[in-house]
Amino acid sequence: MRVALFLTCVNDTLYPETGRAVVRLLTRLGVEVDFPMAQTCCGQAHYNTGYRHEAEPLARHFADVFTDYDAIVTPSGSCGAMVRELYPRMGERARAEGRGDTLAAVLAPVVPKTYELTEFLVDVLGVTDVGAYYPHTVTYHPTCHGLRSLGLGDRPRRLLEAVKGLELVELPGAEECCGFGGTFAVKNSDVSAAMGADKVRNAESTGADVLCAADNSCLMHIGGTMTRLRTGMRPVHIAEILASTGEAAV
Amino acid sequence: MSGTFVGMPAFPVAARQAVGNETLRGNLRHATHTIRDKRARAVAELDDWAALREAGKQIKDHTLRHLDRYLVQVEEAVTAAGGTVHWAADADEANEIVARLVEETGESEVVKVKSMATQEIALNEALEARGIHAYETDLAELIVQLGKDRPSHILVPAIHRNRGEIRDIFRSEMSEWGRPAPEGLTDTPAELAEAARLHLREKFLRAKVGISGANFVVAETGTLVVVESEGNGRMCLTLPETLISVVGIEKIVPRWQDLEVFLQTLPRSSTAERMNPYTSMWTGTTGEDGPRTFHLVLLDNGRTDTLADEVGRQALRCIRCSACLNVCPVYERAGGHAYGSVYPGPIGAILSPQLRGTKSEIDASLPYASSLCGACYEVCPVAIDIPEVLVHLRERVVQGGPAVRGGNRVVLKPAKGHAAERAAMRAAQWAFTHPGALRTGQRLASRTRRLHPRTLPGPGRAWSGTRDLPAVPAEPFRDWWQRTRGGKDGAK
Ligand code: SF4
């Protein structure tokens, strides 16, 4: 099976450790993963801010880069949702606007092959115990697109519960949005910050050392709020927890 | 739309006040969380919820697709039952019709049962200008009216008020409108309710004209339906001699039997009740029983324009249950007033910019009043994909494009103030379709990382005012990959 890592532009630029963790984890599970160097961005920020036409070339570029792989794995619920939920819609809209079937035909092959990391582990590889060791108290925030667009369900929890040394504690109001929302965080910064502060207070009330999620964009917002509110908690991507073993655990 | 909301600032500005008001946020948080938990339980009781939701969606879509036919059917059925149907293209027309109808009765007072359509068109203000006083009789509406306030929730228009504030409003304002509040009124719910009851009873017994809205209009029989919890609506609908109902054209359902679906989904979604306490239905006039004269004013006011939009038209399925408000994290912090219309929350964010267009500052900002978390779509009993419509309207705001306004096909210009953003988006698109350029940018960011400020200038200040920025790593992932081929040379 030819598996490609779609890391996302945010992770590539700001969170390379998440990418290294995915590679380490998948390699340990016997998957040979490739990182096509031509990859850039799925176009989500463009699309969701209202620049659908600007997002189209990015979607085409994504399809060009990834079409030949059997599976495309991404450690981001929202970028996964962009491909799986919104690429088909972009194709339909192009058709409805009389621009023919080309865009739909180009995008169609990558849609069903794109998996968010925890989905890939549970559904494709069929594992819940990935052999990780992580001696910390952890609370899990299910990000909105992972939760509602992709329907990740309890996959991330099952993976976390199988990690040795990890104590998973319930996050109050877990399913409420953290307030990131891409450009929303800047356009409506007051509301966004208030949502972030509530999320962080809820997380703090659990007494966990670590708040984990499957999306670094949300973690950037939550983590930035945590340091500003001086909570002492750490935001950690789930890939890094699942990748860590005895020696590497921090 | 409503005159009361004209000149509202953009959503972020209006929301800032609410975010800073701890009491308001506390009130809203408590109210919305209580009702959302109850709703979840009420919905979970039904094992066919998904089927009901789909049925509601289908019925509404079917009706909207054949609205021309059903509107004619409504007119025929209402006329046959002794009523008169009037058509209003916009707010001014509707207000003129209603004012004329009231004047023809020779009355200068009317009682009203909760009708969002009449608030949408600012009917009370229009009547007042003609010397006609309109009294709201729904308890929450009464509180809003007495407090010279605006509604902030679809179902609980006074959700932003606490009991102490309500007592003060009753004490100081009731006497100006009719029977004063009892001496020594306290803020216990029973006393407040009794004060309102006495005050309203006097109005019900005196008024010769009632004005209502409707939750549904059944095309095959010409029957109007109002669902409510207090019973005040029933008084308004039965006691006056003349009843005038102002109803948006999207409220039609084809058959009597279709109510079966909505009378299950609406109460459970809105008040978390299995069934609402009062369901009133009336068909034209009925001899000596109830109003002798019945008028139905069918209101367009932007609805056919909305219907012309393939993506946005689903907003017309809305049955105004307010479930989307109660789960919305943005509504919970920003409060209802920030949305600048009688329709707040997620549904308001997609309905107002369609009914009113995206020209004003507030309407252009509403599609952005969401983090696109999707909670509203998940609870909506008629499955309106609110995030999809939000993104669609964002596109209209930043790019312009074809639309229908006032029945005419037009090409909208982009709203003002998005030029810099558009340029940034285009630049980003260029970098993202040229991986080499992206890489150069990343490397530059990494090399200069020690120089990066932790707070940002320009629009970025909105971020760094409350959140720290992540540090730029020494090496972007793609450079690590190239150097190590995925760690194969041992470098992890
Ligand atoms: S959009 Fe849906 S959830 Fe919101 S008020 Fe309308 S019917 Fe209810």
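The model shown is predicted, which means the values in this text are computed figures rather than measured ones.

Side note on the domain arrangement of chain A
Residues and elements named next belong to chain A. In terms of domain boundaries, chain A breaks down into domain 1 (3–124) and domain 2 (137–243). Look at where the C-alpha atoms of domain 1 and domain 2 centre, and you get two points 22 Å apart. Residue-level contacts link 29 residues of domain 1 with 22 residues of domain 2. Looking only at domain 1, the three residues that lose the most surface to domain 2 are Y15, T118 and V122, adding up to 22% of its buried area. Of the charged contacts in the structure, one is a salt bridge between D123 and R155, with a shortest N-O distance of 2.9 Å. Here domain 1 and domain 2 share 13 residue pairs in polar contact (both at pLDDT 80 or more) between them. Looking at the side of domain 1 that touches domain 2 element by element, the count peaks at seven residues for helix α2 (residues 16–28).

Considerations on the pairing of strand β7 (residues 210–213) of chain A
All names here are of chain A. Every second residue of β7 is oriented toward a common face, with V210 and C212 on one face and L211 and A213 on the other, all of them buried. Across four bridges, the pairing between β7 and strand β8 (residues 234–237) is parallel. Its bridge partner being in β8, C212 is matched across the sheet by V236.

What to know about helix α16 (residues 345–355) of chain B
All names here are of chain B. Along α16, 11 of the 11 residues are buried, which leaves the element largely enclosed by surrounding structure. Every buried residue of α16 is accounted for by G345, P346, I347, G348, A349, I350, L351, S352, P353, Q354 and L355. Positive backbone phi, approximately 85°, marks G357, located one or two places after α16.

Side note on the pattern of salt bridges
Counted according to the given criterion, the structure contains 46 salt bridges over all chains. For R29 of chain B, the salt bridge goes to E332 of chain B, with nearest N and O atoms at 3.2 Å. Of this pair, R29 of chain B sits in helix α2 (residues 22–44) while E332 of chain B sits in helix α15 (residues 329–334), placing them 303 residues apart in sequence. Classification of E332 of chain B as buried rests on a relative accessible area of 3%. Residue E120 of chain B is joined to R303 of chain B by a salt bridge in which the shortest nitrogen-to-oxygen separation is 2.8 Å. Of this pair, E120 of chain B sits in helix α6 (residues 116–120) while R303 of chain B is found in helix α13 (residues 303–307), placing the two residues 183 residues apart along the sequence. Its relative accessible area of 0% is what places E120 of chain B among the buried residues. A relative accessible area of 2% places R303 of chain B in the buried class. One salt-bridge network, in which partners are shared between bridges, spans E176, D198 and R201 of chain A together with R25, R29, R36, E332 and R333 of chain B.

Topic: the pairing of strand β2 (residues 109–112) of chain B
Residue and element names in this part refer to chain B. Pairing analysis gives four bridges linking β2 to strand β3 (residues 133–136), with the strands arranged parallel. Each bridged residue has a counterpart across the sheet, and for V111 the counterpart in β3 is Y135. Bridge count for β2 against strand β4 (residues 209–212) is two bridges, and the pairing is parallel. When the bridges of β4 are listed, V111 appears paired with G210.

Cut-offs applied
Residues numbered from 1 in each chain as written. Chains lettered and ligands numbered in written order. Predicted model: local features only at pLDDT ≥ 70, side-chain atom pairs only at ≥ 80, totals over all residues. Heavy atoms only, no water. Domains from an automatic or database assignment. Contact = heavy atoms within 4.5 Å. Buried area = accessible area lost by both parts, 1.4 Å probe. Salt bridge = Lys/Arg side-chain N within 4 Å of Asp/Glu carboxyl O. Polar contact = N/O pair within 3.5 Å; in protein donor to acceptor, adjacent residues only side chain to side chain. Helix = DSSP H or I, 4+ residues; strand = E, 2+ residues; numbered from the N terminus. Buried < 20%, exposed > 50% of the residue type's maximum accessible area, 1.4 Å probe, protein only. Pairing = 2+ DSSP bridges.

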